[in-house]
Each structure stands twice: as C-alpha cells, then as structure tokens.
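# Examination of the molecular architecture
If you want the building blocks of each chain, they are given just below.
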Amino acid sequence: MPMIVSSVNVPRPANSPGVLRLAPATGAVGVGLTGFPERADLHPVGEDPALADELALSHALFAYPTAHHAFWQTVRAQAGVAEPDAPLAPGSFDEHLALDGVQESQLWEGDLLRFPDLTLVVSVPRLPDARFNETLGFVHAAKMVAQSRWSGFWLSVRVPGTIAAGQPFELIPGPRATGVVELFRARTAKMTW
C-alpha cells in the first residue's frame, strides 16, 4: 500500500459542538517546529498538561494509521455507538495526521517521514487515555488501545514546511534502536485499567 496522507486535521473553532477537537483542513497547512500554528486545547493530548511546554517539540504532531480504522468501526458498532458501516470521522483519535500505508509495528524512534515539503521524526507512542473513550464513544476504548498497541505516534519536526491530504510520503529508517511498539510496552507496563 502506498504511503499517503489521508487527512490533515486542524483545531476546530472554539465552542464547536461535539467531542472532536480537530477537523479536516482544506489545502496545505503550515507546520513549524512545534506543529501547526494553532494548537487545540490541552495539546499535547494524553500527556501531563504541566509538561506542555517541555513536550512541544517532541509532541509537535500526532499521527494515527488508517489501517486500524476498520477494526475500530467494528468495535464501535459492537458497542452500540455507531452503525457497522459508519466511517470514523477525521480527528476521532485526536490525530493531526491520518496516514495510509504505515503502522506502529513498522516504526522506530528516530525514523523519518519525508513529505514533499516537510520532514517529521517519529518520537514516541501516544499513551492511552480517557480521550480515546470520549472520542470513540465507549468506555473500554483506551484499554483496547493498550491491548492492541495501536496507539498512534507523536512526531517532531525536522524540516518545517507544509502538508496536505493526498500527499505521498516516504519512510527513511533512523538508528533503529527502539521500536514504537517496544517503547509503548515499556511505557504502559505499569498502567492499570
């Protein structure tokens, strides 16, 4: 499967109805060293808000693989919160980038994702939190993220630029010392549900 940006999701206007904080952008979006010029409330998601300034560079953008969407559609239907064929809304995982053709199991800390006008670096996996329960609509979503290890991943910015839905990208291996899934296991080993 080719590696393509499925959607770029930017902060919704303040006081927008619903639980989703992000909505699909139209056209190219600028990306600086700390991500989009405008950040959603409580960004970065899933981390201690007191550390937001410290995490701004390593948590510039959050990406989620679209390969997991079919599973989450089925589980949401089984939980009675959506119809079986109801697609997931962009931003359902609080993801800035929905990416086709790549998954956590293929990535290592330090790998590069090179887009036509932007280069990002794989940083760390996202830790499961109550936002998964809220945006996916059922109480055990965060626990299922932990069990599946389909956490998505944070990205830092190596080369600022722009990004848009439909753009191809390539994976350039980094030092390959620590895999995203391995890091996720280590960071969640003591979490209880």
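In case you missed it, the structure is sitting above this.
For the structure given in this document, a descriptive report is provided here. (Residues numbered from 1 in each chain as written. Predicted model: local features only at pLDDT ≥ 70, side-chain atom pairs only at ≥ 80, totals over all residues. Heavy atoms only, no water.)

## Some details on the layout of surface pockets
Looking at the largest pocket, its volume works out to about 270 Å³. If you go around the largest pocket, you meet 15 residues; those closest to its centre are Arg12, Pro13, Ala14, Arg21 and Asp41. (1 Å grid on protein atoms, 1.4 Å probe; cavity = no way out; pocket = protein on both sides within 12 Å on 5 of 7 lines; lining within 4 Å. Points joined across faces, edges and corners; volume = space filled by probe spheres on them.)

## Observations regarding the packing of aromatic side chains
For the structure on display, the rule yields seven aromatic pairs. Taking 5.0 Å as the distance between ring centres and 35° as the angle between the ring planes, the aromatic pair formed by Phe115 and Phe169 counts as tilted. Pair noted here: Phe115 is in strand E6 (residues 112–115) and Phe169 is in the loop between strand E9 (161–163) and strand E10 (170–172), with a separation of 54 residues, a long-range link. Residues Phe115 and Phe169 agree in their burial class; the two are buried. Among the aromatic residues, those joined into a ring-pair cluster are Tyr64, Phe71, Trp72, Phe93, Phe132 and Trp150. One cation-aromatic arrangement involves Arg126 over Phe62; the distance from NZ or CZ to the ring centre is 5.1 Å. It is Arg126 that lies over the ring of Phe132; its NZ or CZ is 4.0 Å from the centre. (Phe/Tyr/Trp six-rings, centres within 6.5 Å; stacked < 30°, edge-to-face > 60°. Helix = DSSP H or I, 4+ residues; strand = E, 2+ residues; numbered from the N terminus. Buried < 20%, exposed > 50% of the residue type's maximum accessible area, 1.4 Å probe, protein only. Lys NZ or Arg CZ within 6 Å of the ring centre and 35° of its normal.)

## Digging into helix H4 (residues 141–148)
Considered for burial, the residues of H4 that qualify are Ala141, Ala142, Val145 and Ala146. Buried residues of H4, viewed axially, fall in a sector of 145°; they line one side. Looking at the buried residues of H4, the elements they touch are helix H2 (69–78), helix H3 (130–136) and helix H5 (180–188). Two residues or fewer past H4, Arg149 is found with a positive phi of approximately 65°. (Arc of directions from axis to C-beta. Contact = heavy atoms within 4.5 Å.)

## Notes on H5
Among the residues of H5, those classed as buried are Val180, Val181, Leu183, Phe184 and Thr188. Projected down its long axis, H5 carries its buried residues within an arc of 160°, all on one side. Buried residues along H5 sit in contact with strand E7 (118–125) and H4.

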